[in-house]
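# Secondary and tertiary structure notes
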Amino acid sequence: MINVSSKKGLEVQLSKLKGFLDPKMSLEQYITPSDIAAMAIWHAYMKGDMEKVSVDLGCGTGILGIGALMMGAKYVFFVDNDEKALDICKDNINKLKSEGLIRDNYKMINGDVSQFSEKVDVVLQNPPFGTKVRHADRLFLIHAFRLADVIYTFHKSETFPFVKAICEDNGFVINEKLDLKMPLKAQFQFHRRQIHRIDVGFYRIIKKI
Ligand code: SAH
């Protein structure tokens, strides 16, 4: 079931979702902005990667996995270790369900990403960038390699050499990388500027054949 017919239409739907109510700094909880999420999901859709089974690792309030459901995903797992974020994710999904925009083909799992072990076709993730918990980004990526042959993921641009090396070490290869500026709204006290933009890479990573 696909209920949106353009990237802009997807962005409009995603922009209505609720974000974190009380973001936790230790978990690096930032919602992916709706324009960036729509770009990512639309890109994956055009690649033929959306009408499949995927997992949104560290789903937070669900914007990536919900985008996948709206673009015809067969099934989506939502995984996060923060119950409050999952409650908001549930609300977001229920609202779209009541509007007939998505169905019941998803499951939510409250736990650490390392506990999720279902084989899926595609991993979607905008993980913590590892600024609070060292190497959190690497842990997400290494776990993603175990789950799927296609991974869509965001990382800080400066970590490109590490991302490339980790892919090589695990039999994966960077198939595409788009450079973008991710606006992070000032939601934590240590942020002085209202909107802080960071350089981020959006990657499509695939298993080497
Ligand atoms: N993917 C969402 C949220 C990004 S913020 C979006 O794109 O909007 C990162 C998310 O990862 C947060 O929701 C945080 O709770 C979750 N997270 C951080 N470490 C985690 C871990 N070890 N296991 C599961 N989820 C984790």
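Our subject is the structure listed above.
What you see is a predicted model; the values in this text were computed from it and never measured.

### Things to note about the packing of aromatic side chains
Under the definition given, this model contains seven aromatic pairs. Seen from their ring centres, tryptophan 42 and tyrosine 45 are 5.2 Å apart, and the 50 degrees between their planes marks the pair as tilted. Here tyrosine 45 and tryptophan 42 lie together in helix H2 (residues 34-46), a separation of three residues that amounts to about one turn. With a relative accessible area of 18%, tryptophan 42 lands in the buried category. Clustering of aromatic rings is evident, with ring pairs tying together Tyr75, Phe77 and Phe116. One cation-aromatic arrangement involves lysine 177 over phenylalanine 160; the distance from NZ or CZ to the ring centre is 5.0 Å.

### Things to note about the nonpolar core
By size, the foremost hydrophobic cluster in this structure holds 43 residues, and its most contacted members are Leu10, Phe78 and Phe154. Tallying contributions element by element places H2 first for this core, with eight residues. By size, the runner-up hydrophobic cluster in this structure holds 21 residues, among which are Val55, Leu57, Val113 and Ala148.

### Here we look at the packing of helix H1 (residues 7-15) against H2
The geometry of H1 relative to H2 is characterised by a closest axis approach of 8 Å and an angle of 135 degrees between their N-to-C directions. The angle between H1 and H2 places the two elements in the oblique class. In the packing of H1 onto H2, the handedness of the crossing is right-handed. Residue-level inspection shows Lys7, Leu10, Glu11, Leu14 and Ser15 of H1 in contact with H2, the latter providing Ser34, Asp35, Ala37, Ala38, Met39, Ile41 and Trp42. Here the contact of H1 with H2 is composed, by residue class, of seven nonpolar, two polar and three charged.

### Topic: helix H4 (residues 83-98)
With 16 residues, H4 should cover 22 Å at 1.5 Å per step; its first-to-last C-alpha distance of 22 Å lies within 8% of that length. On the buried face of H4, the contacting elements are H1, helix H3 (63-70), strand E2 (75-80) and strand E3 (106-110). In the stretch just after H4, glycine 100 is the one whose phi turns positive, near 75 degrees.

### As for the pairing of E3
Examined bridge by bridge, E2 and E3 share five bridges and lie parallel to one another. Looking across to E3, one finds that phenylalanine 77 is bridged to lysine 107. In this fold, the crossover linking E2 to E3 by way of H4 has right-handed handedness.

### Regarding the side chain of histidine 143
Mapped onto the elements, histidine 143 comes out in helix H5 (residues 136-147). Residues in contact with histidine 143, not counting those within four places in the same chain, are Val113, Ser114 and Phe116.

### Quick notes on the site of the ligand
Within the structure, the ligand sits among 21 residues, and Gln29, Thr32, Gly58, Asp80 and Asp112 are positioned closest to it. In this structure, an oxygen atom belonging to the ligand sits 2.5 Å away from a side-chain N or O atom of threonine 32. Within the backbone of glycine 58, one N or O atom sits 2.7 Å away from a nitrogen atom of the ligand. For the ligand, the protein covers 94% of the area, taking 570 Å² as the surface of the free molecule. In this structure the site holding the ligand corresponds to the largest pocket. Here the residues of the shell around the ligand sort into 10 nonpolar, seven polar and four charged.

### Re the pattern of salt bridges
For the structure shown, the criterion picks out 11 salt bridges. Put simply, lysine 47 and glutamate 176 hold a salt bridge, and the shortest N to O gap is 3.6 Å. Here the residue lysine 47 occupies a position in the loop between H2 and strand E1 (53-57), and glutamate 176 occupies one in strand E6 (residues 172-185), the gap between them amounting to 129 residues. Two residues, aspartate 104 and lysine 97, come together in a salt bridge whose shortest N-O distance is 2.9 Å.

Scoring rules and cut-offs
Residues numbered from 1 in each chain as written. Predicted model: local features only at pLDDT ≥ 70, side-chain atom pairs only at ≥ 80, totals over all residues. Heavy atoms only, no water. Phe/Tyr/Trp six-rings, centres within 6.5 Å; stacked < 30°, edge-to-face > 60°. Helix = DSSP H or I, 4+ residues; strand = E, 2+ residues; numbered from the N terminus. Buried < 20%, exposed > 50% of the residue type's maximum accessible area, 1.4 Å probe, protein only. Lys NZ or Arg CZ within 6 Å of the ring centre and 35° of its normal. Core = buried A, V, L, I, M, F, W, Y, C linked by side-chain atoms within 4.5 Å. Axes fitted to C-alpha atoms, helices over the stretch in contact; angles between N-to-C directions. Parallel < 35°, antiparallel > 145°, perpendicular 65-115°, else oblique. Left-handed = near helix turned anticlockwise from the far one by under 90°. Contact = heavy atoms within 4.5 Å. Nonpolar A, V, L, I, M, F, W, Y, C, P; charged D, E, K, R; others polar. Expected span 1.5 Å × (residues − 1). Pairing = 2+ DSSP bridges. Right-handed = clockwise from strand over helix to strand, strands pointing away. Near = heavy atom within 4 Å. Polar contact = N/O pair within 3.5 Å; in protein donor to acceptor, adjacent residues only side chain to side chain. Areas by Shrake-Rupley, 256 points an atom, 1.4 Å probe, with all protein chains shown as cover. 1 Å grid on protein atoms, 1.4 Å probe; cavity = no way out; pocket = protein on both sides within 12 Å on 5 of 7 lines; lining within 4 Å. Sits in = over half its atoms within 2 Å of the grid points. Salt bridge = Lys/Arg side-chain N within 4 Å of Asp/Glu carboxyl O.

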